[in-house]
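A look at the structure
Letter by letter, the chains look like this.
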Amino acid sequence: MRADNASAQAAFAKASDYLERQPLVANHRPLSWITDHVCRIVEQPAPIWWWVSTIVFGAVAALTPAMLTYLVATGVGVWGLNVPVCWAWDITNFVFWIGIGHAGTLISAILFLTRQKWRTSINRSAEAMTIFAVICAGIFPAFHVGRIWFAWFLFPIPNANAIWQNFRSPLLWDVFAVSTYFTVSLIFWYLGLIPDLASLRDRATTRFRQMAYGILSLGWRGSNRQWTHYEKTYLILAGISTPLVLSVHSVVSFDFATSVVPGWHTTIFPPYFVAGAIFGGFAMVLTLLIPFRELYGLHDLVTDKHIDNMCKIILLTGSLVGYAYSMEFFIAWYSGNPFEIYAFTNRAFGPYWWAYWAMITCNVAAPQLFWFKYCRQNPWVVLAIVMFPNTGMWFERFVIIVTSIHRDFLPSSWGYFSPTWVDITLFIGTIGLFVFLFLLFVRFLPIINMFEVKGITPQADPHAHNPGSNHAAPTQPPHSLDESRVHA
Amino acid sequence: MKRVIQHPTSSATGRTYWRSLGEYSRTPDFEEWLHREFPAGAAEWDKDPLSRRSFIRLMGASLALAGLGLSGCRRPEAHLVPFTQSPEWVISGKNLSFATAQPRRRGAIPLLATTFNGRPTKMEGNPLHPDSLGASDNHAQASVLDLYDPARRQFLTRAGKKAEIAELDAEVARIRTEAGANAGATLAILADETLSPTRERLRAELLRQFPQATWAVYEPLAPGRDLEASAAAFGSGTEVRPDLSAAKTILSVDCDFLGSDEGDLSDTRGFTAGRRIRKPGDKSNRLYVAEPRFSLTGTMSDHRLRLRASATGVFLLELARQIRALRPNSELSSVLAKTPDLPLPSGIDPAWIRECAADLVANGNRSLVLVGRRHSVAIQALGYAINAALGNVGTTLLVQPRLSAPSTSLQSLTEKIRSSSIRTLVILGGDPVYSAPNDLGWADLLGTIPNSIHLSPIFNATSAKTTWFVPGTHFLESWGDALAGDGSYLSIQPTIQPLWGGESQLEFLVRLLGQSKPVGPALVRETFTARTKLGADKQEQAWNDFVREGFLPGATPSPSKTFNSGAVAALLSNISSPNVAETNSLEAVFIHSGAVDDGRYANNGWLQEWPDPMTKLTWDNAILISSKTASSLGLKNEIIKGILVADVVKATIGTRSVETPVVIAPGHVDFAVSLPVGYGQDLLGPVAKGAGFDAYRLRTTDSEYVAQGLRLERTGHTKQLAVTQEHQAMEGRDLVREAALTEFNEDPGWAKKVGMDGHIPPNQTFYPSPKLTGEHQWAMVIDLSTCTGCNACVTACTAENNIPVVGKDQVMKGREMHWIRVDRYYTGEPEEPEAVSQPVACMQCENAPCETVCPVNATVHNEEGLNVMAYNRCIGTRYCANNCPYKVRRFNFFDYNQRPIDKLYWGPLAPKGTEETIKLQKNPNVTVRMRGVMEKCTFCVQRIEEAKINARVKARDSDNIKIPAGSLQTACQQACPADAIVFGDLKDAKSEVSQLRALPQNYSLLEYLNVRPRLTYLGRIRNPNPAMPGARTSYIPSHGHGESHGHENATENHSSEEAHK
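Everything numeric here is computed off the predicted structure, so don't read it as measured data.

Calculation notes
Note that residues are indexed from 1 along each chain, following the sequence as it is written. Chains and ligands are labelled by the order in which they are written, letters from A for the one and numbers from 1 for the other. It should be noted that, the model being predicted, local features are given only for residues of pLDDT at least 70 and side-chain atom pairs only at 80 or more, the latter also being counted only at that level, while totals for whole chains, interfaces and linings use all residues. Side-chain metrics in this entry use all non-hydrogen atoms of the structure; hydrogen atoms and water are not considered. Each helix corresponds to a stretch of at least 4 residues labelled H or I by DSSP, and each strand to a stretch of at least 2 residues labelled E; elements are numbered beginning at the N terminus. For every residue, the accessible area obtained with a 1.4 Å probe (protein chains only) is divided by the maximum for its type, and the residue is called buried under 20%, exposed over 50%, and partly exposed between those limits. Contact criterion: two residues are considered in contact whenever any of their non-hydrogen atoms come within 4.5 Å of each other. Two N or O atoms form a polar contact when they lie within 3.5 Å of each other; inside protein one atom must be a possible hydrogen donor and the other a possible acceptor, and for residues adjacent in sequence the pair counts only when both atoms belong to side chains. Between Lys or Arg on one side and Asp or Glu on the other, a salt bridge is scored when a side-chain nitrogen of the former is within 4 Å of a carboxyl oxygen of the latter. Residues are grouped as follows: Ala, Val, Leu, Ile, Met, Phe, Trp, Tyr, Cys and Pro are nonpolar; Asp, Glu, Lys and Arg are charged; all remaining types, including Gly, are polar. At least two DSSP bridges between two strands are needed for those strands to be called paired. Helix span, expected: 1.5 Å multiplied by one less than the number of residues in the helix.

This part takes up the overall build of chain B. From N to C terminus, chain B includes 33 helices and 39 strands. For chain B, the proportion of its 1061 residues judged to be buried stands at 65%. Contacts spanning at least 24 positions in sequence make up 75% of the contacts within chain B whose residues lie at least 6 apart.

Our next topic: the side chain of E452 of chain A. Residues and elements named next belong to chain A. Relative to the helices and strands, E452 is located in helix α16 (residues 450–455). A polar atom in the side chain of E452 sits 2.9 Å from the side chain of N449. Sequence-distant contacts of E452, that is, excluding residues within four places in its chain, are made with F112, R119, T120, N123 and Y234.

With 64 residues of chain A at the contact, the number on the chain B side is 63 residues. Joining chain A to chain B, the criterion identifies two salt bridges. D408 of chain A is the salt-bridge partner of K887 of chain B, the closest N and O atoms lying 2.7 Å from each other. Counting across the chain A and chain B interface gives 39 residue pairs in polar contact (both at pLDDT 80 or more). When residues of the side of chain A that touches chain B are traced back to their parent elements, those giving at least two are α3 (48–74), α6 (170–203), α8 (224–257) and α11 (338–349) of chain A. Top contributing element to the side of chain A that touches chain B by residue count: α3 of chain A, with five residues. Classifying every residue of the side of chain A that touches chain B gives 39 nonpolar, 19 polar and six charged.

This part covers the pairing of strand β24 (residues 643–653) of chain B. All names here are of chain B. By the criterion of burial, β24 is predominantly enclosed, with ten of the eleven residues buried. With four bridges connecting them, strand β23 (residues 637–640) and β24 associate as antiparallel partners. For N637, the partnering residue across the bridge sits in β24 and is A646. With antiparallel pairing between neighbouring strands as the criterion, β23 and β24 make up a hairpin whose turn holds two residues, including K641 at a positive phi of roughly 50 degrees. Pairing geometry for β24 and strand β25 (residues 656–664), over six bridges, is antiparallel. For K650, the partnering residue across the bridge sits in β25 and is E659. The hairpin turn running from β24 into β25, its antiparallel successor, is two residues long, and G654 in that turn takes a positive phi close to 65 degrees.

Right, let's get into unusual backbone geometry. With the exception of glycine, most residues fall at negative phi, and the peptide bonds are largely trans. Residues V83 of chain A and P84 of chain A are joined by a peptide bond in cis, for which omega reads 20 degrees. Residue position: P84 of chain A is located in the loop between α3 and α4 (89–113). The backbone of A159 of chain B shows a phi angle near 50 degrees, a positive value even though the residue is not glycine. Here A159 of chain B is to be found in the loop between β4 (157–158) and β5 (161–162). You will see that L1006 of chain B, though not glycine, has its phi angle at about 55 degrees, which is positive. Here L1006 of chain B is to be found in the loop between β37 (1002–1003) and β38 (1015–1018).

Residues and elements named next belong to chain B. Taken in spatial order, the four strands of this open sheet run β36-β29-β38-β37, and their pairing is mixed. What marks the edges here is a single partner per strand, and that holds for β36 (981–985) and β37. Bridge count between β37 and β38: two bridges; the pairing is antiparallel. Bridge pairing in β38 links Y1003 to Y1017.

Let us look at helix α9 (residues 269–296) of chain A. Residue and element names in this part refer to chain A. For α9, spanning 28 residues, the distance from its first C-alpha to its last is 39 Å, which sits close to the expected 40 Å at 1.5 Å a residue. Of all the 28 residues making up α9, 24 are buried; the element is thus mostly covered by neighbouring parts of the structure. Residue G297 follows α9 closely and has a positive phi angle near 60 degrees.

Moving on, we come to the environment of D702 of chain B. Residues and elements named next belong to chain B. Note on placement: D702 falls in the loop between β26 (672–676) and β27 (706–723). Sequence separation of D702 and D439 is 263 residues, and the distance between their C-alpha atoms is 9.3 Å. Of the polar contacts made by the side chain of D702, one reaches the side chain of T700; its length is 3.0 Å.

Pasting the structure below:
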């Protein structure tokens, strides 16, 4: 009996090694290590690579205003647009960037509401990415109009000319959806930054930093009362953000779905666009996080487990968009409408076949590699694979927009779109802007949500006592007397 | 050049109006003002060709002239009146129309010039003239832009240097002295054909003064062989004019009578009148066409045979024999007696000719055989013989007095020059250096003449070679007259003072005659007086009526002209058998360009951007070739990124060659090519520069129309061509709906059941429909049975609606701005395609997809059913264009109206502003759009509003503010010579448009979208002869209710893409 008991206990101990969840902060890092490690990025002089890459990407980002100046001064004709292809790279880039902006708020809002604790170490940078992506996205619809100096007509501003908006237009819904999304995301992000900004303020050694972070942290003192307000506000904002995650891209998809154009006029678009946005957004999160994790040695905070989780989401959403692609074809065939059938046949086998198959390869085929654990565990393999969805999602929007309108109802009016150097340079410029802003972010703001990460460490959990493990016993209750939160 | 402003020397007869109380009382102040004002202003004129001040004076001048046309009771004043002393009928912003005419080589086009504040902006056909009835063609429409062409040279030159008018005076005096000494033996005049009786009168006077002088007339595309044949067949001084409205069966042998070269407005009108089918049982004429290239006439044919131009004679001989067999005729027998017995070339089915002959014979004297006018005299004569045998002379083939006077030919003139007997050559208009047959060597020839003068509205290749260049006037700037095709006498009156000075041909001839410059219409009036032979009491009124109404009717054609079979038989031995064409020795046909004609309109941006009705090519010409010939030569066309990339060949005839792209033209006869002339005139101005190649370089005297032995060699290069329609097939879509006449009689409502339309479930609109509560509900119906696809509507719309020219580069990018376009699709077998045309303008959908998506309400519906654009509101999201299923919206990608089209990409670095003269053409009632705004067809809303204002003014206090039916036409409708476009009020059940919409064959394009277009189409009804070999008797796709949607009409899919591969 005793022997049996002992062997059973040994088996249980062995099994629990496997069954136990991996901790979200590896290597039993103490709370002070987290603070030190994250704040050090901001506090220590910037490494050479940061200077080099910031200057390079800053220069690339400067192409954006340069191209926009040329565009506004000369006319939309500097792009390759024509009739019938009145939207091409402009709206493709808009939807692409907006899509990337989805992962951030999804991670911070939906995963927050569903108590997914692994979100904490990645949500800050994902949200920052969202903000920057939406900035890049906003450039395109604003500047794609023929007369940007009248773009204020899009806002319901009372004026002497009695100009009022057409609320039937999905483009107007877009204006509201995107601006709301941007505002809420920015507030949400900033709110979440306040406690960490206070930590930076408290650690600041120079007057300037003290002032700057002091102003930014809005007088945060970490009092119980402030924490209570903070938690409530954060929860409410998460509640507001959650439908926005779904609504923004649904509304963006209405730009196409409510039209009469075969290939656009599709009811599947809202869920398909949301899935695609999450798919592309997570790919971009990984694209940014994996290098920065390496450069700043954040492996203990952004663990392989995080990457693994995100890969699984990519696999899921990638399969969802794959389903959507095939369903579009099925419905086109099932409708019996020759215009619809042609639109989809033309996508796959028309003049833009290469874009379509690039999209299928990148979005449907490549993520299937994430079925293999090896592919999810090796960050460099992951980085290589996520480049496919990054590319593929751009192609997806290109395929939807350009291949649908370049050959619609009347063959007499069929056309073809080729980008000009301005199209290409502007897009590269926004990529530069995006990375440039992110580089500034990692330099001046804590890229890991320190206080929330601390909250999910084993030592922050009063109940996390596992006699079978070597984990340090919790030292303090997480909320009441958490010194680390106050002083870090 | 100093301008001499003339004042009337004395008061003319009739009532005199005084312009102010000052004039009435003849105060010294007024006298001083009258005499000082203009000479003082003349100094300013020299510095700045068109300052604001001088423009005001121009306007004043033309208004003074306007009085003649309008009131008819003012004395003819030819001096300037400042606009501050406005004539009382002038209301700023209101247009005035003046009757005038555009001279053409084969009969002038009677026109009305619409002017605003003294500047002509738009041409319309003269509604009173039976040829026009308000219709016009693309060249007439575009002629107003020629007037304002900034490339017109504004000064006299002598040996390339600016000269003074006094020098010209001295030169003319010298010429007169020289000619006076030798009775004009060393003087020659070479003129273009204007059919002006006044010019004929002056010519006679000149020849009276200098009896030995040579008067030659040269038209590159009107050699007058039909006139020679007519002289033989019907006696000298006759010419032949078809009356297509009387013809039931028509055979056109290489005669594009629906195009602008061979035919005129009355031909189109007559032909389409015979095809207007409204209800089952209506009769339709039937058209057989045998031709080398697919012409507009070919697209309207019921049966088309691809026939090499050199086989025309053999074809007609066979036809004549068949007709003789069917209806023995002694005259025809005698004509055919001595004709060579030539075999039909292989590939021509004798059954085709037999059945065609049977159909012609069956219709007795209501048939018509038309032969291309540029074929040989023998072929023309044979055509007349066939018509005579069919009994058509006097019914469908009218013999009328010859319009043009016989003149020395260019060849004889060349001989005289070569023999050094000509010392002075005066060239009136035209461009012989550019267009004369090459073997005549005109470019060098002019250098051998000591003194040469070229009078031309534009500086061209001839002007560059002559000693003198004298700026000529546009017909809108000068007094003149001309004959229309039917022989009626047309008046030409100026609508504006010559923009840059210059002289008309008449004025220059007067100068040569040594007379003083005529005052106003004196010259023309003299001719008029001589023609009318009215008493002095009626003279004044008759003249005023003539100027106001624009024409005097011509002599009625004599029906009883006898056919002289003997003279014709003598000619027919010349008919030769066609050359055997091979890939290394092709047959070339020099055709006119639908856009620039013989080259005279090459610097006209509207016409350069006007898509050729068949090839849809703009800004270029190209060798047209069949796909079979192309593939045997290894030549191809590809559509790469929306641009037609054509192989460039070196085309050689004898020792002359040109490098040019080839365009594969479906329906072209094999082993022959067509070469459109008129391009490659870099000298003409910035618009013509770089456009196309000069096909005249391959032309010689004996191969003036058809040349043999053309070799095409691949150069390995390609050229990018701007086409406005890249895809040629309908892809099995039910866009143009056709039925044979028999099918229509069985099922008149077929058009509503074709394609998806038979399967549409009841449609619900998502948004409430606009409230269509207006007094009028505008709608348009286009009859596809009568639309010939001539594209006159495109130019009319361009002129009316201030549509910018965007240039070749922008057209290649798909950014042409035309508000109405004519889609042309090839159907049927790729080797023997048929073609259909479909004009597409904004459909003014009641349930418009563009309106729901505009975020700023810039495109909205009005209560009269118009989809209106508010340019001021448009921010240019372009969403509306994406959502427009008909793709009729056009976007201003650049500031086309503000920046030069070759510097569009320079942005603010490009010079800003439009040429001053181009501004003058703009219609003040239509906004000139800036960059960044969307635009589209408005159903000519400015005309609707004007009609409304007129109705309200007329109504005064009554409620009767409804626009009277028929008082309003859109620009495209007005221009359409086929009357295929009908616009009007749906609320008026009696209006034509309401009745047409109620016809069973009326259908909407893309009905299933439930956009409820206000522009609908009448399905096209063809009238095939079931007895013809290979006749396609069913045009309704066998749709049934199967699953095969999108696959039927599969044969359609070949012609286009394959044609371009």
